[in-house]
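# Structural overview
Spelled out from the first residue to the last, the chains are:
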Amino acid sequence: MTDSHSATQSEALVRVDHVTKVYSRGNQRIDVLDETTLTVPKGDFLALMGPSGSGKTTLLNLLGGLDRPTSGSVVVADQNLGAASDRQLAKWRSRHVGFVFQFYNLLPVLTAARNVELPLLLTKLSKAERRKRVKIALDVVGLSDRADHYPRQLSGGQEQRVGIARAIVSDPTLILADEPTGDLDRASGDEILDLLEALNREHGKTIVMVTHDPLAAERARRTLHLDKGRLVSEDDLRGRSRTTGDSVHEAVA
Amino acid sequence: MSFLYLLWRNLTRKKVRTTLTLGSIFIAFILFSALLALKTAFSAGVDIAGLDRLITMHKVSLVQPVPIAYQNKMEQVDGVARVANAMWFGGVYQDPKNFFAQFAVDPERYLDVYPEIQLSDEARAAWIANRTGAIVGQPTADRFSWKVGDKIPIQGTIFRRPDGGAWEFDIVGIYTAEKGFDDTALVFQRDYLTESFAGIDGFTGWYVVRVSDPDRSAAIAEEIDALFANSPAETKTSTEKAFAQGFANQMGNIGTITTGILTVVFFTLLLVAGNTMAQSVRERISEIGVLKTLGFTHGQTLGLVLGESYLLTLLGGGTALALMAWVLNSFDLGGGMFPVLYLPTWGILLGCFLLLFMGFAAGAIPAWQAHRLTIVDALRRKG
Ligand SMILES: Nc1ncnc2c1ncn2[C@@H]1O[C@H](COP(=O)(O)OP(=O)(O)O)[C@@H](O)[C@H]1O
Ligand SMILES: [Mg+2]
């Protein structure tokens, strides 16, 4: 109902079905998501907007298998996340999801290259193969020359690019970004958005990005708004061609 | 990059704190090894004491001489295999600092009751044949660079020569002994002493009795003492173990003191290491959340914290233990005062056990906290 996207079942990478999320803090109940339904097809670049506290991060966490819904189902890449054990989820995440955080969340004790290599520690790849993948990921984000720098020696924009390299190094099915430009100035933010856009268009990566910034949202193929626990799509209601430029005209695979 | 590298980088994140903690653990394990070696030295005689040996001495004290005539009577007692006599000489070689024990004995008897003494057949024969001959333990020979054939002057303190000069001993053999047996003494023929020092020829210091049946030791000891009851020189016979124990007890209750000190030290250490680990985890809650987001399981994050704790204690304590084991067991630090100053194997094993226990105890709670942390909570934490 909130997502009238015409993706067929087989093309859908993410299916969120009547999901409710309730936090209880002491005897206080916080209803964050209320019967939310969402489908994200492969190759989509979706921007999630909404006021602070509206549940954007909560929804993203559910998509990434970091948390489980109170009711309803979240199916991503054919895995029912609500029904999986912590261990299964961990393994699933390492294979299918790349996360990009607002505050980069690099380990300060590791160099850029080693931060990028971190997810590969969980794989059985050989040393040489790992090194190759790290190099490619750093090349994609344009930071090969900073491989041996520590996070504190990098600018915010560079740190975030390392964060993106870490998110893509294991070639995940889905990239989730929670306000990836929220801590950056306009110029650095634009570089990050260029990068995400390229990942979507050139590498075919499916991306869900939470953002406060309408200009950032414009880079996405479509935007959904989260309000009072429900998703509403102005774009879909008004016809997609008006709000976003040429990106809309590209057929979503 | 490996998990170990990640452990190492996490451990060395706060250099000052880690160095101080490593230092505390290092020093504690040095102390542990040193005290254990001392304790072993004090009780060495007790542990090595043969169960088949009795010591017969004057009822009043070890210092009172007992008649040498007792020897034959004691050998008549049923169950006595061999009796040897020994007397404390107490001489000084060049300087009182150069302390080592000297005993006046009957060579054949002495070697019979102490099979621990390893001596070549030639040396044994030479010693028995040579009235001024003496055998000396390897460490003491090394200490003063003595060789077979050397003449060693030793000044008598209890037994002064009539001419006031030093007693001269011919080194005829250098002996070794199994670990734990005092191998620093110089042992010589009693005849050399008795013929030159008037009034001592009828006496000896104490007797070492080898029994054929250790189970009958107590009965044999009673029988021996009964032989000389109501004589001017009554005797007291005890097992070598009890004798050595009595000697060790005079040194104060080293064992209790050692245990007490070490308990306090290790308890303090546990607080220090535990605090380091707890702080280290508290500072990186959000990092643990990130690792879990990337796909690290709860078990793997637990392993990372526990591994870091083990790395901390093994680096600090393991090096100390290895260093002390090497130094104590390779060099003679006793300097004659403690003939058997070394770190026994059981001490090294106990040290290793303590290391593993400390690594676990210091890391267990923080590791469990890391395990339980949910990603959502960890990521919401700033810092
Ligand atoms: N782990 C949690 N425990 C309790 N309340 C939470 C938790 N996570 C989020 N919330 C609450 O849920 C609401 C939505 O949070 P969030 O998804 O972070 O919002 P957004 O990302 O849109 O700013 C907020 O009111 C927040 O306080
Ligand atoms: Mg948020």
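Before reading further, recall that the structure is shown in the block above.
Anyway, here's the lowdown on the structure attached to this text. (Residues numbered from 1 in each chain as written. Chains lettered and ligands numbered in written order. Predicted model: local features only at pLDDT ≥ 70, side-chain atom pairs only at ≥ 80, totals over all residues. Heavy atoms only, no water.)

## Points about the sheet that holds strand E6 (residues 97–100) of chain A
Residue and element names in this part refer to chain A. Taken together, six strands build an open sheet; the order of strands is E6-E7-E8-E3-E9-E10 and the sheet is mixed. Edge positions in the sheet fall to E6 and strand E10 (230–232), since each of these pairs with one other strand and no more. Across the sheet, the axes of successive neighbouring strands diverge by a mean angle of 20 degrees, strand direction being ignored. The pairing of E6 with strand E7 (residues 174–178) spans four bridges and is parallel. Bridge pairing links Phe99 to Leu176 in E7. Contacts from helix H5 (residues 156–168) reach E6 and E7, with the element oriented near 170 degrees to E6. (Pairing = 2+ DSSP bridges. Helix = DSSP H or I, 4+ residues; strand = E, 2+ residues; numbered from the N terminus. Axes fitted to C-alpha atoms, helices over the stretch in contact; angles between N-to-C directions. Contact = heavy atoms within 4.5 Å.)

## Looking at the interface of chain A and chain B
In this assembly, 26 residues from chain A lie in contact with 24 residues from chain B. Buried surface at the junction of chain A and chain B, summed over both partners, amounts to about 2300 Å²; 68% is from carbon and sulfur atoms. Its largest share of buried area at the contact with chain B, chain A owes to Val109, Leu121 and Leu122 of chain A, together 24% of the area lost on that side. Inspection of the chain A/chain B interface yields zero salt bridges. For the side of chain A that touches chain B, the secondary-structure elements that each account for two or more residues are strand E1 (12–25), helix H2 (86–96) and helix H3 (112–117) of chain A. At four residues, the largest contribution of residues to the side of chain A that touches chain B is made by H2 of chain A. The residue makeup of the side of chain A that touches chain B, split by class, is 15 nonpolar, three polar and eight charged. (Buried area = accessible area lost by both parts, 1.4 Å probe. Salt bridge = Lys/Arg side-chain N within 4 Å of Asp/Glu carboxyl O. Nonpolar A, V, L, I, M, F, W, Y, C, P; charged D, E, K, R; others polar.)

## Concerning the packing of helix H2 (residues 15–42) of chain B against helix H13 (residues 298–330) of chain B
Residues and elements named next belong to chain B. Relative to each other, H2 and H13 sit at 35 degrees, their axes nearing to 8 Å. Seen along the crossing, H2 lies across H13 with a hand that is right-handed. When H2 is examined against H13, the residues Thr18, Thr21, Leu22, Ile25, Phe26, Phe29, Ile30, Phe32, Ser33, Ala34 and Ala37 are found in contact with a partner set consisting of Leu312, Thr313, Leu315, Gly316, Gly317, Thr319, Ala320, Leu321, Leu323, Met324 and Leu328. (Left-handed = near helix turned anticlockwise from the far one by under 90°.)

## Quick word on the nonpolar core
Core analysis: the largest hydrophobic core is formed by 81 residues, its most contacted members being Leu118 and Val208 of chain A together with Phe29 of chain B. Counting 36 residues, the second-largest nonpolar core is a separate cluster that includes Leu120, Val134, Leu199 and Ala216 of chain A. (Core = buried A, V, L, I, M, F, W, Y, C linked by side-chain atoms within 4.5 Å. Buried < 20%, exposed > 50% of the residue type's maximum accessible area, 1.4 Å probe, protein only.)

## As for the site of ligand 1
As a structural note, the neighbourhood of ligand 1 is formed by 15 residues, with Gly53, Lys56, Thr57 and Thr58 of chain A together with Arg380 of chain B the closest of them. Near ligand 1, the surrounding residues belong to chains A and B. Lys56 of chain A places a polar main-chain atom, nitrogen or oxygen, 2.9 Å from an oxygen atom of ligand 1. Note that an oxygen atom of ligand 1 is positioned 2.5 Å from one of the side-chain N or O atoms of Thr58 of chain A. Every element with two or more residues in the shell around ligand 1 is listed here: E1, strand E2 (28–41) and helix H1 (56–63) of chain A together with helix H15 (375–380) of chain B. Looking at side-chain class alone, the shell around ligand 1 contains five nonpolar, six polar and four charged residues. (Near = heavy atom within 4 Å. Polar contact = N/O pair within 3.5 Å; in protein donor to acceptor, adjacent residues only side chain to side chain.)

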